[in-house]
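Spelled out from the first residue to the last, the chains are:
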Amino acid sequence: AMAAGAPDPQSRFGQSVKGLLTEKVNACGTDVIALTKQVLKGSRSSELLGQAARNMVLQEDAILHSEDSLRKMAIITTHLQYQQEAIQKNVELSSNLQDQLKHLLK
């Protein structure tokens, strides 16, 4: 005869199996959450890598454009120097002419 309060071995075994299953399911759920976080982090980092690559391409374009601009500015500077020299020669010539005119008009 069994005591009414004490569960039989079979139900006790069932309880412990249920307990183990619950633990395993919880652990599995935790692992799935961790894995999901890791996957999201991975996709985020590949997103960041893509963004960094796009930024690099943009910067490369900007650098090439700057180089081109600097080259053009160097050419312009050279032309301006030539013009300045020509103007200077003209000024010297005109002051010489003025001196000559003064002497002639005396």
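- The protein chain is annotated in an unreviewed UniProt entry as BLOC-1-related complex subunit 7 of Vombatus ursinus.
- Per UniProt, the comment on the protein chain under Sequence similarities (unreviewed entry) is "Belongs to the BORCS7 family."

**Looking at the overall build of the protein chain**
So, point 1. For the protein chain, the helix and strand inventory stands at one helix and zero strands.
So, point 2. Its C-alpha atoms give the protein chain a radius of gyration of 45 Å, more than 25% over the compact-globule value 13 Å for 106 residues.
So, point 3. When the backbone C-alpha atoms are referred to their principal axes, the protein chain occupies close to 155 × 20 × 5 Å.
So, point 4. Accessible area of the protein chain: about 10000 Å², with a carbon and sulfur share of 64%.

**Side note on the pattern of salt bridges**
So, point 1. Following the criterion strictly, the structure yields three salt bridges and no others.
So, point 2. The closest approach of N and O atoms between Glu47 and Arg44, which form a salt bridge, is 3.0 Å. Here Arg44 and Glu47 lie together in helix H1 (residues 9-105), a separation of three residues that amounts to about one turn.
So, point 3. Using a relative accessible area of 43% as the deciding quantity, one classes Arg44 as partly exposed.
So, point 4. Here Asp68 and Lys72 are joined by a salt bridge, their closest N and O atoms 3.3 Å apart.

**Some thoughts on the environment of Lys102**
So, point 1. Position of Lys102 among the secondary structure elements: in helix H1.
So, point 2. On the accessibility criterion, Lys102 (55% relative accessible area) is exposed.
So, point 3. Put simply, Lys102 and Asn26 are 76 residues apart on the chain and 110 Å apart in space, counted from C-alpha to C-alpha.

**Comments concerning the environment of Asn90**
So, point 1. Its place among the elements puts Asn90 in helix H1.
So, point 2. C-alpha separation for the pair Asn90 and Leu20, spaced 70 residues apart in sequence, amounts to 103 Å.

Definitions and limits used
- Residues numbered from 1 in each chain as written.
- Predicted model: local features only at pLDDT ≥ 70, side-chain atom pairs only at ≥ 80, totals over all residues.
- Heavy atoms only, no water.
- UniProt positions renumbered as here; feature names shortened; annotations may be inferred.
- Helix = DSSP H or I, 4+ residues; strand = E, 2+ residues; numbered from the N terminus.
- Rg over C-alpha atoms; globule rule 2.2 N^0.38 Å.
- Areas by Shrake-Rupley, 256 points an atom, 1.4 Å probe, with all protein chains shown as cover.
- Salt bridge = Lys/Arg side-chain N within 4 Å of Asp/Glu carboxyl O.
- Buried < 20%, exposed > 50% of the residue type's maximum accessible area, 1.4 Å probe, protein only.

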